Amino acid sequence: MIVSVVSMPEGAVRRTGPEEARDRLAASGFLFVYAELPEEAEPGERQVADLLGLRATDLPWLGRQGQTARAEFLGDAAAFVVPAMEADQVVQLHVVATERYVVVVHRGPAGVVERCVARFARERPPDAVSTLFLLLGEALETYRRFAVHALLEVEDLEDAMFRQRDAEQLYRLARLRRAAALLHHSLLPYYQAAEEFVTRRILNRSFPEERQRLAREYQRTSRLVLTEIEALQEAARRGFGTYSSLVSGEQNGVINRLAVVSTIFLPLSFVTGFFGMNFAYLSDELESRAIFWLLAVGLQAVFLLGALYVLHRTRIWRRFRDDEAIDDD
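Predicted model, so just to flag it, every value in this text is computed and none were measured.

Scoring rules and cut-offs
Residues numbered from 1 in each chain as written. Predicted model: local features only at pLDDT ≥ 70, side-chain atom pairs only at ≥ 80, totals over all residues. Heavy atoms only, no water. Helix = DSSP H or I, 4+ residues; strand = E, 2+ residues; numbered from the N terminus. Buried < 20%, exposed > 50% of the residue type's maximum accessible area, 1.4 Å probe, protein only. Contact = heavy atoms within 4.5 Å. Areas by Shrake-Rupley, 256 points an atom, 1.4 Å probe, with all protein chains shown as cover. pLDDT = per-residue confidence, 0-100. Phe/Tyr/Trp six-rings, centres within 6.5 Å; stacked < 30°, edge-to-face > 60°. Expected span 1.5 Å × (residues − 1). Polar contact = N/O pair within 3.5 Å; in protein donor to acceptor, adjacent residues only side chain to side chain. Pairing = 2+ DSSP bridges. Axes fitted to C-alpha atoms, helices over the stretch in contact; angles between N-to-C directions. Salt bridge = Lys/Arg side-chain N within 4 Å of Asp/Glu carboxyl O. Core = buried A, V, L, I, M, F, W, Y, C linked by side-chain atoms within 4.5 Å.

Moving on, we get to the overall build of the protein. Of regular secondary structure, the protein possesses 10 helices and 7 strands. Considering the protein as a whole, with its 329 residues, one finds that 40% of them fall into the buried category. Intrachain contacts of the protein at a sequence separation of at least 6 include 65% that bridge at least 24 residues. Of the accessible surface of the protein, which amounts to about 18,800 Å², a share of 55% is contributed by carbon and sulfur atoms.

Take the confidence of the model for the protein next. Mean pLDDT for the protein: 82, with 89% of residues reaching 70 or above. The least confident element of the protein is helix α10 (residues 315-328), whose mean pLDDT is 55; the most confident is strand β6 (residues 89-97), at 91.

It is worth spelling out the packing of aromatic side chains at this point. One pass over the structure, following the stated rule, counts 5 aromatic pairs. Their ring planes at 75° and their centres at 4.9 Å tell us that phenylalanine 80 and phenylalanine 197 sit as a pair that is edge-to-face. Pair noted here: phenylalanine 80 is in strand β5 (residues 77-86) and phenylalanine 197 is in helix α5 (residues 167-203), with a separation of 117 residues, a long-range link. Accessibility classification places phenylalanine 80 together with phenylalanine 197 in one group, the buried group. One aromatic cluster in this structure is built from Phe32, Tyr34 and Phe120.

Turning to helix α4 (residues 128-163), a few remarks are in order. When the terminal C-alpha atoms of α4 are compared, their 53 Å separation across 36 residues agrees well with the 52 Å that a helix rising 1.5 Å per residue should span. A side-chain oxygen of the first residue of α4 lies 3.3 Å from the backbone nitrogen of valine 129; this N-cap is aspartate 127.

Across the sheet, which stays open at both edges, the 7 strands sit in the order β2-β1-β3-β7-β6-β5-β4 with mixed pairing between neighbours. Each end of this open sheet is capped by a strand with a single partner; those strands are β2 (12-16) and β4 (70-74). Along the sheet, successive strands turn relative to each other by an average axial angle of 20°, direction set aside. In terms of strand pairing, β6 meets strand β7 (residues 101-107) through 4 bridges, oriented antiparallel. Across the sheet, the residue bridging to valine 95 is valine 104, located in β7.

Turning our eyes to something else, we now look at the pattern of salt bridges. Oppositely charged side chains can form a pair if their charged atoms are brought close together. Scanning the model with the defined rule gives 18 salt bridges in all. Close ionic contact of arginine 115 with glutamate 138 constitutes a salt bridge, the shortest N to O distance being 3.5 Å. Of this pair, arginine 115 sits in helix α3 (residues 111-123) while glutamate 138 sits in helix α4, and the two are 23 residues apart along the sequence. Given the relative accessible area of 32%, arginine 115 is considered partly exposed. Residue glutamate 138 is classed as buried on the basis of its relative accessible area, which comes to 5%. Bridged by salt links that share partners, the residues Arg115, Arg119, Glu123, Glu138, Glu141, Arg144 and Arg145 form one connected network.

Once that is clear, we can look at the pairing of β7. Burial within β7 is extensive, with 7 of its 7 residues counted as buried. Examined bridge by bridge, strand β3 (residues 31-37) and β7 share 7 bridges and lie parallel to one another. Across the sheet, the residue bridging to phenylalanine 32 is valine 102, located in β7. Connecting β6 to the antiparallel partner β7 that follows it, the hairpin turn spans 3 residues.

Counting 61 residues, the largest nonpolar core has Phe32, Phe80, Leu93, Val95, Val104 and Val113 as its most contacted members. Of the residues forming this core, the biggest block, 16 residues, is contributed by α4. Residues contacting valine 104, with those up to four places away along its chain left out, are Phe32, Val33, Tyr34, Ala35, Leu93, His94, Val95, Val113 and Leu135.

So, on to the side chain of threonine 142. The topology assignment puts threonine 142 in helix α4. A relative accessible area of 4% places threonine 142 in the buried class. Looking at threonine 142, its side chain comes within polar contact range of the main-chain oxygen of alanine 139, at 2.5 Å. Excluding its chain neighbours within four sequence positions, the residues that come into contact with threonine 142 are Ala84, Met85, Val112 and Arg115.

With that settled, the discussion passes to the pairing of strand β1 (residues 2-7). Relative to β3, β1 runs antiparallel, the two being bridged by 6 bridges. Across the sheet, the residue bridging to isoleucine 2 is glutamate 36, located in β3. Linkage of β1 to β2, two consecutive antiparallel strands, is achieved through a turn of 4 residues, within which glycine 11 is found at a positive phi near 85°.

Between methionine 8 and proline 9 the backbone carries a cis peptide bond, its omega angle lying at 0°. Tracing the backbone through its elements, the reader meets proline 9 in the loop between β1 and β2. In this model, alanine 87 sits at a positive phi of 55°, which is unusual for a non-glycine residue. In this structure, alanine 87 sits in the loop between β5 and β6. Here alanine 87 falls in the exposed class, since its relative accessible area comes to 68%. Although it is not a glycine, aspartate 88 adopts a positive phi angle of roughly 65°. Here aspartate 88 lies in the loop between β5 and β6. Aspartate 88 sits in the exposed class, given a relative accessible area of 55%.

Written as structure tokens, this is what we have:
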């Protein structure tokens with residue numbers, strides 16, 4: 001386990017071991033501590049709360065894999081299991097905050113924590129609650145960045161479809177739709193739990209005004225991020241609809257062309273069927289070559305001219321010309 005202790009509000013970072021971190025948590029006034037665990041739990045791994053000198057009986061979930069979203073009070077502490085997007089994957093930040101410190105535990109690299117620590121030296125949060133909301137906001141920001149990037153990609157795919165459609169676009173749309181579902185599925189349970197948690201604090205009259213402002217700002221940000229994720233889901237569904245519409249349009253064009261070809265050759269089919277019938281009248285009365293050519297060629301020419309006139313007078317002909325012009329572009 002790699003432990004880093006950040007002296008607040010200065011933002012000075014010091015890498016240390018669990019023992020020193022435990023001593024500083026017990027003695028110092030205002031600290032931000034984050035511990036990076038291996039991505040896979042090792043056999044016989046000790047509880048993180050016990051290693052850091054926290055109340056292990058209240059925090060058996062701290063650092064444990066596969067935890068559900070959490071936002072609750074534990075006496076004088078607040079406990080969170082916060083999702084964040086890291087390299088197209090959802091990571092969990094286990095957070096315990098009191099008036100004196102904020103402890104964050106995560107498995108594997110978590111750039112969101114590093115970015116949050118980098119902001120401490122610039123913004124200098126005055127207390128642990130401000131630090132907590134800064135961390136929660138940074139976690140939401142990872143969702144927002146991912147959702148906005150994916151939404152722009154969907155819009156680019158839609159524009160590309162109208163220029164030239166290919167199967168790769170459908171694959172990318174499916175991938176983006178799965179990503180949108182992952183964002184919504186991972187964020188919504190935490191959003192609901194955090195919304196209830198923050199609302200209870202805002203309604204508490206003893207909650208300071210400055211912290212109420214931070215809580216309301218966090219609520220607005222979380223609603224905005226959830227709205228952007230839902231917009232991404234809608235855009236992905238719309239992209240599939242656009243792709244299906246383009247495919248249907250192309251199929252209709254092919255069917256129309258086949259119908260025109262069939263119409264042109266319909267007189268020939270009629271002539272061959274008519275003269276192929278074995279009736280005495282056909283054999284006795286329509287046996288001359290002139291009558292054959294008159295019916296075969298004359299009927300074909302009259303029908304073809306009539307078909308071309310009808311096509312020219314209707315929208316079908318103009319539609320064919322428009323489709324050819326689009327294909328040439």
